[in-house]
Amino acid sequence: MTATDISHRKKFFALGNVYLPHIVVIEKIIEETPGVRTFHFNFKDKKLGKEFSFESGQFGQYSVFGIGEAPFCISSSPTRRDHLEFTAQRVGRVTNALHRLGAGAELGFRGPYGNSFPLDFLKSKNLVFVGGGIGLAPLRSLIWNVIDNRNKYKKIDIIYGARSPADLCFKYDLDAWGKDKTVNMVTTVDKGDDTWKGKVGVVPKILEEVAPSAREAVAIVCGPPIMIRFTFPVLEKLGFTPKQMLTTLEKRMKCGIGKCGRCNIGNIYVCRDGPVFSYAQIKNFVSSEY
Ligand code: FES
């Protein structure tokens, strides 16, 4: 795989002006953890909704009217199109406003932007998903995509962790993947409680214990920067080359289309060249910025 393979540009959802948001309606809200919510939404204009397409890994810009705009990956899978989803942690003005909204509220949406996970490259490979906290959001779009096309891929390992049982996101997905006989699901927490019966330990340590083979495998990693930083060396120890490791980066994207310069790390623009990168592409930035 070359850098070009995974940073290829997808067509913008450019129905007219790429900066112009379209109206979407929140249909359902799921409280993942006390500070994290998943929003199910659809386009107000049904025709527009039918024309809309995206790929796992891409993101959108969501606006709360009168407050501002923020980027979030589309956390649902393109294989499940009765609605779309994004997941937001309450961390600032826009996300606070988002968390005050209820079902039926309208948002602005523009996108999809950025590249996507390279499905052709992943085909016929063993896939190792490594996620932490809300970092499972972009991974779950790909995980469901892969599960819905199960015969195209080989073994699936999912190693997911959070600080505590209460911080685990997408528990309904974790349950579903845990019951899927074709998936090896391993859930861990940094610190358990009286009710916790699963593994205890940080994600990189549990990854080392699970020790998935690097043979014909690709690891897809997303989580807090500290987890990413300690996960790549473990994968290298297990024999994964930098090209066999993918991640998706999050930066404070503004324009989303490579114009404003807000999202650069070194000489790459996360919105334009990513957000999906191989470790080979970002190796030099990970220790300093990520
Ligand atoms: S968000 Fe504007 S250049 Fe990336």
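The structure displayed is predicted, hence computed values, not measured ones.

Undergrad: Please set out the pattern of salt bridges residue by residue, giving values where relevant.
TA: Across all of its chains, the model carries 16 salt bridges by this definition. Put simply, Glu51 and Lys47 hold a salt bridge, and the shortest N to O gap is 3.2 Å. Of this pair, Glu51 and Lys47 both sit in helix 2 (residues 46–51), four residues apart, which is roughly one turn of that helix. Look at Glu51 and you get partly exposed, because its relative accessible area is 41%. Between Glu209 and Lys205 there is a salt bridge whose closest N-O contact spans 3.7 Å. Of the two residues, Glu209 and Lys205 both sit in helix 7 (residues 203–210), four residues apart, roughly one turn of that helix. According to the relative accessible area criterion, Glu209 is partly exposed, its value standing at 46%.

Undergrad: Give a description of the packing of aromatic side chains that names residues and reports values.
TA: Applying the stated rule across the entire model yields 16 aromatic pairs. Aromatic pair Phe39 and Phe86: ring centres 4.9 Å apart, planes at 10°, arrangement stacked. Highlighted residues: Phe39 in strand 2 (residues 36–43) and Phe86 in strand 5 (residues 84–89), separated in sequence by 47 residues. A relative accessible area of 0% places Phe39 in the buried class. Judged by its relative accessible area of 0%, Phe86 falls in the buried class. The lysine or arginine in question, Arg80, covers the ring of Trp144, its NZ or CZ lying 4.0 Å from the ring centre. Just above the ring of Phe121 sits the side chain of Lys125; from NZ or CZ to the centre is 4.4 Å.

Undergrad: Hey, could you go over unusual backbone geometry for me, with residue numbers and the actual values?
TA: Omega for the bond connecting Gly111 with Pro112 falls within 30 degrees of zero, at 0°, which places this linkage in the cis form. Counting through the fold element by element, Pro112 comes out in strand 6 (residues 106–113). A cis geometry characterises the amide bond from Gly274 onward to Pro275, with omega recorded as 10°. Examined against the element boundaries, Pro275 turns out to sit in the loop between helix 9 (270–273) and strand 15 (276–278). Here the phi dihedral of Ser124 falls at roughly 60°; this positive angle occurs in a residue that is not glycine. Structurally, the position occupied by Ser124 is in the loop between helix 4 (119–122) and strand 7 (126–132). A positive phi angle is found at Glu216, which is not glycine, with a value near 50°. When you line up the elements, Glu216 lands in the loop between helix 7 and strand 11 (217–222).

Undergrad: Kindly report on helix 8 (residues 225–237), identifying the contributing residues and their values.
TA: With 13 residues, helix 8 should reach 18 Å at 1.5 Å per residue; the first-to-last C-alpha distance of 19 Å fits that figure. Along helix 8, the residues classified as buried are Met227, Ile228, Thr231, Phe232, Val234 and Leu235.

Undergrad: Provide a residue-level description of the side chain of Asn145, including the pertinent values.
TA: Position of Asn145 relative to the elements: it lies in helix 5 (residues 136–147). A polar contact of 3.0 Å, which involves the side chain of Asn145, links it to the side chain of Ser56. Those residues in contact with Asn145, other than ones at most four positions away along the chain, are Ser56, Ser77, Pro78, Thr79 and Leu119.

Scoring rules and cut-offs
- Residues numbered from 1 in each chain as written.
- Predicted model: local features only at pLDDT ≥ 70, side-chain atom pairs only at ≥ 80, totals over all residues.
- Heavy atoms only, no water.
- Salt bridge = Lys/Arg side-chain N within 4 Å of Asp/Glu carboxyl O.
- Helix = DSSP H or I, 4+ residues; strand = E, 2+ residues; numbered from the N terminus.
- Buried < 20%, exposed > 50% of the residue type's maximum accessible area, 1.4 Å probe, protein only.
- Phe/Tyr/Trp six-rings, centres within 6.5 Å; stacked < 30°, edge-to-face > 60°.
- Lys NZ or Arg CZ within 6 Å of the ring centre and 35° of its normal.
- Expected span 1.5 Å × (residues − 1).
- Polar contact = N/O pair within 3.5 Å; in protein donor to acceptor, adjacent residues only side chain to side chain.
- Contact = heavy atoms within 4.5 Å.

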